[in-house]
Amino acid sequence: IPISLYVSMEVAKSVQGLQINWDIDMYHPETDTPALTRTTNLNEELGQIQYIFSDKTGTLTQNVMEFRKCFISGVSYGFGTTEIGLAAALRGANVGTAHPSQVEAERSANPEKAQYYRDPAINFDDTRLLGRYNDKHEARDKIEMFMRILSVSHTVVPEGDPADPKALIYQAESPDEGALTLFAKAIGWCFCGKTSTHTTVKVHGADEVYEVLNVNKFNSTRKRMSVVARTPEGKLVLYCKGADNVMLERIAAGQPEGELMAKQLQLYATEGLRTLVLASKDLTEEEWLAWDAIHKAASTSLEDRDGALERAAELIEKDMIIAGATAIEDKLQDGVPDAIATLAQGGIKIWVLTGDKQETAENIGFACRLLRDDMTINYINGADDNEIKTQLRECLERNADCIGKENEHLALLVDGKSLITIMADTVLTADLLKFATMCKAVIACRVSPSQKMQIVAMVRHGVKPEPMTLSIGDGANDVPMILEAHVGVGISGNEGMQAVRSADFAIAQFRYLKKLMLFHGRNNYRRVATLVQYSLYKNILLVSCLALYNFVNGWSGTLVMDTWVFSAYNVLFTSFFIVIYAFLDQDVSVETAMANPQLYIPGQRSANFNSFTMSVWVLNAVVQAALAFGLPTLTFAGFDDSDKNIYGVIVMMGVVITANLRLVFISAHISWVSHFIAALCVFFFFAFILVYSYGASFGYWNFSGSGTKALGSAIFWLVGLLTFVAMSGIDVFFIYLHRHMHPNPVYVIQERDRGHGKSYDTENGTSTGMEGIPLVVSGTSS
């Protein structure tokens, strides 16, 4: 492998990385965040991606949480629906029918009356909630418990004057906690501050102090958090909130409200809302003291402290009383549906891995156009192991005719509980992979960070040949899957910079992934493929001439050209143009690349760099070397040995000019820079030959006078012109033959863009070439 290849590649990839960083189309002005290339080693892999694994919250959505609704004591508070809910209703999904009392209440909706401390950022306008508390309605105690949980059970830090609740600003670990605490403040439960042991809440103007005795922290495994607090009334109470699937398992039996809440949670999920369940539990002093001893022992454990704390929390977080449920909206980012639809047209399979409920995940899938109405959605969400195995088997049996190939109309939705059963069995894992690879879209819901990583690993190491994978996420819980994929992309969002620091590339919005892959990735793959093959080509071209010269020098080891001229070949004569090519060349415009995502497919199939294309480059070099050596050899057959250096200069001139013209011929983007660099490389050759002719002045006698003698000889120019014309003629002939006799989709689109009467059906992905032959741009046929 020539050293020049390493140098050229490092320079080219560094500039490619800067081009990504400087791309104004991937700059997010709202957060002043440009794209960032954290490593340049994977530039070309961005053009070969076959699978994208995406988080949902903060990646597909804005991660800007807005409190929309809540459920307390059998009543849902909050009006209206979301864009996702409207889309679901149009598809015929059940988004619920408003109760007559709710319809009546909506007529008197007023955020000024619905909120105690009016917050313009909160649009909650249901006056019934605050009104029922103030009117000492029968639901007052439940409402108070609900608000106490929101205002006490959290890790929020307030900033500002506690005496002025409207001026308080909350700094939260997650946007969800911030939205919940802000809502509690708006209703009149203003969290004012905390010490190491006490939390102060201003309830409708009066301070309430809670002694926080224990905190069971949230993590991605527990999916809940709780605190044990002593209330202002002196009671010991456990306040807990968390995901519905873990909370409902820990609710005390015999609560009629549980069934109503479960139905309402389903309706919230259909609207694409993020839900949490709130619950409490009264404790006796003896119960707490016994458990507190266990908790303290776990917190001071030197081995497996986290595990011990989780086990301690399990002992107390059970038999709880329902307080209610919350529903928060996290809107889709701008451009996400278009980005997903466009990437899918480029032959990329997109898998969404989320911790949300099944209904939420499914409706988000429709909203972002990952799922379509013409798709058959297969569910693997069984209640027990046998049902899960049966569902998986039925999925394969129903679609047996599609095994081994992708079906545009198949989708899979699998939950985390089912994945636990499947991933524990290698046979089931293989069956899941077999079916999932048949589907155009896959959504995994209720999955943990470790399960996300397992899914990526399953595809990366299970699909043969190994596909190129990309993971994209915005939070610390996405780091495992980002590290597992070939390429990791981090979103600079509201959940810190852990994902960005672990990723290879960073962007501010999911929609920028479209240009990162379809334009930068595709071009970088083409450029790097050409750079590698050209570097080998130009060296084989030169070395083949040396090898052929051995047949006429009696294998004496004599060189056809002076060693300094050979040394300058990779340093001066052929090094600059390929580097410029490797970061400037583009075969189609940005607009055309984005409008025709099917052009991305050749990269997935390694169409630009494989054993065949490499063989073509090598064969081309050998044939041209034969011409570069043969024509001057035949011409100088009757000359004496004193003309050897002129002969060598002619051979070298043919090699240098042909090598540079080869790049000119294959360049799709010829600019004044390309012309200048190509001419400069050839100029360097003649200048070097001329200056080196006076080498005697510097003590170099071997080439003294040879350059001036060659440049002043008519035979030099005649044979030299004939040599490089014959050599370059091969390139011209085959490039012309390819473009006109067997044009690929890129050639057809280039002709169309130049206004040569080409028709291109972007909807069906077909082009009509010079002879009226339709070409399928997706690459399936031509």
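Counting starts from 1 at the beginning of each chain's written sequence and moves along it residue by residue. In view of the model being predicted, local features appear only for residues whose pLDDT reaches at least 70, and side-chain atom pairs are presented and counted only at 80 or more, with totals across whole chains, interfaces and linings using the full set of residues. The side-chain figures draw on all heavy atoms in the structure; neither hydrogens nor water molecules are used.

Caption draft 1: Fine view of the overall build of the protein chain. Counting from the N terminus, the helices are the DSSP runs of H or I reaching at least four residues and the strands are the DSSP runs of E reaching at least two. In terms of regular secondary structure, the protein chain is built from 30 helices and 23 strands. Here the radius of gyration uses the C-alpha set of atoms, whereas the globule reference equals 2.2 Å times the residue count to the power 0.38. Over its C-alpha trace the protein chain gives a radius of gyration of 35 Å, far above what one expects of a compact globule, namely 28 Å for 782 residues. The buried share of the protein chain, reckoned over its 782 residues, is 54%. Contacts in the protein chain between residues at least 24 apart in sequence constitute 72% of all its contacts with a sequence separation of at least 6. A gap of 1 Å separates the mean positions of the 66 positive and 86 negative side-chain charges of the protein chain. Between buried and exposed lies partly exposed: a residue is buried under 20% and exposed over 50% of the maximum accessible area for its type, with that area taken using a 1.4 Å probe on protein chains only. In what follows, a contact means two residues having at least one pair of non-hydrogen atoms within 4.5 Å. Counted as positive: Lys and Arg. Counted as negative: Asp and Glu. His and the chain ends are not counted at all. To locate a charge, take atom NZ for lysine, CZ for arginine, CG for aspartate or CD for glutamate.

Caption draft 2: Representation of the sheet that holds strand 7 (residues 189–194) within the structure. Overall, antiparallel pairing links the nine strands, which are arranged 4-3-13-12-11-10-9-8-7 in an open sheet. Each edge of the open sheet carries a strand with a single partner, namely strand 4 (75–77) and strand 7. Each strand axis lies, on average, 30 degrees off the axis of its neighbour in the sheet, ignoring direction. Two strands qualify as a pair provided that DSSP identifies no fewer than 2 bridges between them. Sheet topology places strand 7 next to strand 8 (residues 198–203); five bridges connect them, and they run antiparallel. Residue pairing in the sheet places Cys190 in a bridge with Lys202 of strand 8. Angular values range over 0 to 180 degrees, each being the angle between N-to-C directions of two axes fitted as lines to C-alpha atoms, with helices fitted over their stretch in contact.

Caption draft 3: Local environment of the pattern of salt bridges. Any carboxyl oxygen of Asp or Glu that lies within 4 Å of a side-chain nitrogen of Lys or Arg is treated as forming a salt bridge with it. Here the structure, examined in full by the defined rule, presents 44 salt bridges. Across the pair Glu44 and Lys13 runs a salt bridge whose closest N-O atoms are separated by 3.0 Å. You can see Glu44 sitting in the loop between strand 1 (36–37) and strand 2 (51–54) and its partner Lys13 sitting in helix 1 (residues 3–21), a full 31 residues away along the chain. Both residues of the pair, Glu44 and Lys13, belong to the buried class.

Caption draft 4: Spatial organisation of unusual backbone geometry. Of note, the amide linkage connecting Lys464 to Pro465 takes the cis form, showing an omega dihedral of -10 degrees. Counting through the fold element by element, Pro465 comes out in the loop between helix 17 (449–462) and strand 18 (469–473). In this structure, Lys223 is a non-glycine residue whose phi angle is positive, near 60 degrees. Relative to the helices and strands, Lys223 is located in the loop between strand 9 (206–216) and strand 10 (224–230).

Caption draft 5: Representation of the nonpolar core in the model. Nonpolar core, defined: a set of buried Ala, Val, Leu, Ile, Met, Phe, Trp, Tyr and Cys residues in which side-chain atoms within 4.5 Å join the residues together. Residues Leu541, Tyr569, Met652, Phe685 and Phe716 are the most contacted members of the largest nonpolar core, which totals 57 residues. For this core, the secondary-structure elements that each account for two or more residues are helix 1, helix 20 (512–549), helix 21 (563–573), helix 22 (576–584), helix 25 (611–635), helix 26 (644–666), helix 27 (672–692) and helix 29 (714–741). The element that contributes the greatest number of residues to this core is helix 26, accounting for twelve residues. With residues near it in sequence (within four places) discarded, Leu541 still touches Tyr569, Ala621, Gln624, Ala625, Val655, Ala659 and Met727. Grouped together as the second largest cluster of nonpolar side chains are 46 residues, Met26, Ala35, Ile472 and Ile507 included.

Caption draft 6: Local environment of the sheet that holds strand 20 (residues 505–507). An order of 1-20-19-18-2-14-17-16-15 is seen for the nine strands of this open sheet, with the pairing classed as mixed. Two strands lie at the open edges of the sheet, namely strand 1 and strand 15 (376–380), each paired on one side alone. Here four bridges tie strand 2 to strand 18, and the two strands are oriented parallel to one another. Residue pairing for strand 18: Ser54 is matched across the bridge by Ile472. The sheet strands contacting helix 17 are strand 2, strand 14 (349–353), strand 17 (439–445) and strand 18, and the helix crosses strand 14 at an angle near 160 degrees.

Caption draft 7: A nonpolar patch on the surface, seen in detail. Candidates for patches are residues over 30% relative accessible area with no salt bridge; among them, like charges are joined within 9 Å and nonpolar side chains (Val, Leu, Ile, Met, Phe, Trp, Tyr) within 5 Å. Accessible surface is estimated by sampling points in the Shrake-Rupley manner with a 1.4 Å probe; for residues, cover comes only from the protein chains shown. On the surface, a cluster of nonpolar side chains totalling about 410 Å² of accessible area is made up of Ile3, Tyr6, Val7 and Val11. Of note, Val11 is situated in helix 1.

Caption draft 8: Structural detail: the packing of aromatic side chains. A pair of aromatic rings is counted whenever rings of Phe, Tyr or Trp (Trp by its six-membered ring) have centres within 6.5 Å, and the orientation is called stacked for planes under 30 degrees apart, edge-to-face for over 60 and tilted otherwise. Under the counting rule described, the total for this entry stands at 22 aromatic pairs. Look at Phe53 and Trp351: their rings are 5.4 Å apart centre to centre, the planes differ by 75 degrees, and that puts the pair in the edge-to-face class. With Phe53 in strand 2 and Trp351 in strand 14, this pair connects stretches of sequence that are 298 residues apart. For the pair Phe53 and Trp351, a shared accessibility class is recorded, and that class is buried. Centre to centre, the rings of Tyr537 and Trp617 are 5.4 Å apart; their planes meet at 75 degrees, and the pair counts as edge-to-face. Separated by 80 residues along the polypeptide, Tyr537 in helix 20 and Trp617 in helix 25 bring together distant segments of the chain. As far as the burial class goes, Tyr537 and Trp617 line up, both buried. Of the aromatic side chains, those joined through ring pairs into one cluster are Phe573, Phe685, Phe686, Phe688, Tyr692, Phe716 and Trp717. Note on geometry: a ring has a charge over it if NZ (lysine) or CZ (arginine) is within 6 Å of the ring centre and within 35 degrees of the ring normal. In this structure, Lys185 packs its charged tip against the face of Tyr170, placed 5.5 Å from the ring centre.

Caption draft 9: Structural view of helix 25. Given a helix with a known number of residues, its expected span is that number minus one, times 1.5 Å. Along its 25 residues, helix 25 runs 36 Å from first to last C-alpha, staying within 8% of the 36 Å computed at 1.5 Å per residue. Within helix 25, burial applies to Thr613, Met614, Trp617, Asn620, Ala621, Gln624, Ala625, Ala628, Phe629, Gly630, Pro632 and Thr633. For this analysis, a polar contact is any N or O atom pair within 3.5 Å, provided that within protein one partner can donate a hydrogen and the other can accept it, and provided that sequence-adjacent residues contribute only side-chain to side-chain pairs. N-cap assignment for helix 25: the residue whose side-chain oxygen lies 2.9 Å from the backbone N of Phe612 is Asn610.

Caption draft 10: Geometry of helix 7 (residues 175–187). Given a rise of 1.5 Å per residue, 13 residues ought to cover 18 Å, and the 19 Å separating the end C-alpha atoms of helix 7 matches this to within 8%. With twelve of 13 residues buried, helix 7 is to be regarded as a mostly interior element. The complete set of buried residues in helix 7 reads Pro175, Asp176, Glu177, Gly178, Ala179, Leu180, Thr181, Phe183, Ala184, Lys185, Ala186 and Ile187. Gly188 sits one or two residues past helix 7 and shows a positive phi near 120 degrees.

Caption draft 11: Fine view of the pairing of strand 2. Side chains Tyr51 and Phe53 of strand 2 all project onto a buried face; the interleaved residues Ile52 and Ser54 project onto the opposite face, where all are buried too. Across four bridges, strand 2 lies against strand 14 in parallel orientation. Counterpart to Ser54 in the pairing with strand 14 is Val352.

Caption draft 12: Representation of the environment of Val618 in the model. Turning to its location among the elements, Val618 is positioned in helix 25. Val618 gets classed as partly exposed once you look at its relative accessible area, which sits at 29%. As a C-alpha pair, Val618 and Ile715 span 97 residues in sequence and 30 Å in three-dimensional space.

Caption draft 13: Region of interest: the confidence of the model for the protein chain. Values of pLDDT, ranging from 0 to 100, describe the predictor's confidence in every residue of the model. With 92% of its residues at a pLDDT of 70 or more, the protein chain has an overall mean of 88. Across residues 758–782 the pLDDT falls below 50, and counting only partners more than four positions away or on other chains, this stretch makes 56 contacts in the model.

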